[in-house]
Amino acid sequence: MAAVEPIVRITQGTVRGRVREGVAVFTGVPYAAGPTGAARFAPPAPPTWRGEWDAREPGPSAPQVGEPGRSPLQDLMGEGWLPGAEYLTANVWTPSPGPGARLPVLVYLHGGAFVGGRATAGLYDGTSFALDGVVLVSLNYRVGVAGYVDLPGAPANRGLLDQLAGLRWVRDNVAAFGGDPDRVTVFGESSGAASVCALLAWAPRGLFRRAISASGGGSQSLTPTQASATTRALAAHLGVPPTAEAFAPLPDRALVNALAHVLAEPPNLTVAGVRDPLMGLTPLGLVIDGDSVRGQPEDAIRAGAAADVTLLLGNTADELNLFQLTRAAPPVDARSLPLLVSHLHPDPARVIAAYEAAGRGTTPAELLSAIGTDYLFAVLTARLADAHAPHPAGTWRYEFTWRSPAFDGLLGACHGLDLPFAFANLSRVDLHTLGLVPDATEPRELARRTHATWVAFTTTGDPGWPRYTPDRPTVQRLDSAWLPTESADGAERGVWVGVR
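None of the values given here were measured: they were computed from a predicted structure. (Residues numbered from 1 in each chain as written. Predicted model: local features only at pLDDT ≥ 70, side-chain atom pairs only at ≥ 80, totals over all residues. Heavy atoms only, no water.)

Asks: Please provide a residue-by-residue account of the packing of helix 4 (residues 158-173) against helix 5 (residues 191-202), values included.
Replies: Where helix 4 contacts helix 5, the axes come no closer than 11 Å and their chain directions differ by 70°. As judged from the angle between their axes, helix 4 and helix 5 are roughly perpendicular. Seen along the crossing, helix 4 lies across helix 5 with a hand that is right-handed. Each of Leu160, Gln163, Leu164 and Leu167 in helix 4 lies in contact with helix 5, whose residues at this interface are Ser195, Ala198 and Leu199. The class makeup of the residues in the contact of helix 4 with helix 5 is five nonpolar, two polar and no charged. (Axes fitted to C-alpha atoms, helices over the stretch in contact; angles between N-to-C directions. Helix = DSSP H or I, 4+ residues; strand = E, 2+ residues; numbered from the N terminus. Parallel < 35°, antiparallel > 145°, perpendicular 65-115°, else oblique. Left-handed = near helix turned anticlockwise from the far one by under 90°. Contact = heavy atoms within 4.5 Å. Nonpolar A, V, L, I, M, F, W, Y, C, P; charged D, E, K, R; others polar.)

Take a look at the structure:
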């Protein structure tokens, strides 16, 4: 007998979903109007649909550059651009559709270096969360040119504005799906985690009670001068002035192709003595505009901006391995290593010697991965934890250290590897490029424990190990041993701290 299709009533009308594995699933529900034409560069507008919305199949995704071929990056970011106008959408997995259940809610913001990603990637399937009593909501938002290119005549950080609109939609509608709008946790990874940091610093209070930042560092914002370098490069390729008015008539495909060109030859974002905080991995990021982003999130959080929000944050042990293995760049050797490190520190020889002495690597590639992982992720994560820890809501920190066997072990505990474990989707999605197979006992057990941690934090605000406090900065290692340790120097992990 076929399962009855669930129908819920929300602000705009009714939404029809489907049942999978005993979970009600609603995909592609617009939380804002489709940002087409000139509206691509405007703040998100309220959704315009009324009546019944068919949410039985995934909707379109934001215009974006695709990842060629099958790779770990594609498994993490999804299948790329699925064209369509209504792509500012929410996807909901719930065990109990309808008002009254008041279940905890986890809102997921996907990663993708601000240039790509989609909320309906198989990796982000919310079934495991719903089966454990959590309503999982994932949001599509503008990325690339429409979302994050800083254009005179348009508001900055439009993707972040979309996320805020999505969180307001959750507040107003999640009760109809069985969720509790007063128990919302916002969770992001990579650029999605950078967004979480910005939301912690500047979002209106009351949209979420808890937050999870996975591999977001401290969300180091770009200055307007840095951001304009990318805008100028795009405009030069398109042959138009670097303004919203000039970009507005251009088709999405032209903007996507232009960004692909800039990604292949990215501009130097080290401008006016300010180093590129994104280490050349992406030409786009959150921009300090004095409105949606008013500085560095760490400073606002230290001053108490998120004092009432419980925070779980962490990073993986070998973040940069993913980019070294998937980016089309010459191999790192003894000659190129000092030049690459010089973009991060004025004394590259001292940095390299310190990491060699600490046993953080022997080959140039290993040393660059260790240095870059600390520079962009581990140290910034520790600084953000230090900024939040004195406040009353509570801070918990982790490091994911389980190493993938993929690429002859070179993938290691790479960027994004914690996601299949948090979502517990090892048997639901083909993740062989990440070195994950469903019948392997060790990763299956680690997925059970990691997923249970995310569920516990979303439900109770306590992941199950000691808090990270100024006098006891505990870091939980997420691996087969599962042992909590204190930061070696009492504040920040990494040799980088001693040489910066």
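Read on, since the account is not over.
Asks: Just give me the short version of the environment of Asp54, but keep the residues and values in it.
Replies: Within the secondary structure layout, Asp54 lies in strand 5 (residues 51-54). Each C-alpha atom of the pair Asp54 and Thr450 lies 34 Å from the other, and the pair is 396 residues apart in sequence. A distance of 2.8 Å separates polar atoms of two side chains, one belonging to Asp54 and the other to Arg56. (Polar contact = N/O pair within 3.5 Å; in protein donor to acceptor, adjacent residues only side chain to side chain.)

Asks: I'd like to hear about helix 8 (residues 252-264), residue by residue, with values.
Replies: Helix length check: helix 8, at 13 residues, gives a terminal C-alpha distance of 19 Å against a target of 18 Å (1.5 Å per residue), a fit within 8%. Among the residues making up helix 8, those that are buried are Leu255, Val256, Ala258, Leu259 and Val262. The buried residues of helix 8 occupy an angular sector of 160° when the element is viewed end-on, so they sit on one face. Here the buried face of helix 8 lies against helix 3 (144-148), helix 6 (224-238) and helix 7 (244-247). (Expected span 1.5 Å × (residues − 1). Buried < 20%, exposed > 50% of the residue type's maximum accessible area, 1.4 Å probe, protein only. Arc of directions from axis to C-beta.)

Asks: Tell me about the pairing of strand 2 (residues 13-16), and please be specific about residues and values.
Replies: Regular strands place side chains that alternate from one sheet face to the opposite one. Here strand 1 (residues 7-9) runs beside strand 2; their pairing, made up of three bridges, is antiparallel. The residue bridging Val8 from the neighbouring strand is Val15, located in strand 2. Joining the antiparallel neighbours strand 1 and strand 2 is a turn of three residues. Relative to strand 5, strand 2 runs parallel, the two being bridged by four bridges. Paired with Val15 across the strands is Trp53, a residue of strand 5. (Pairing = 2+ DSSP bridges.)

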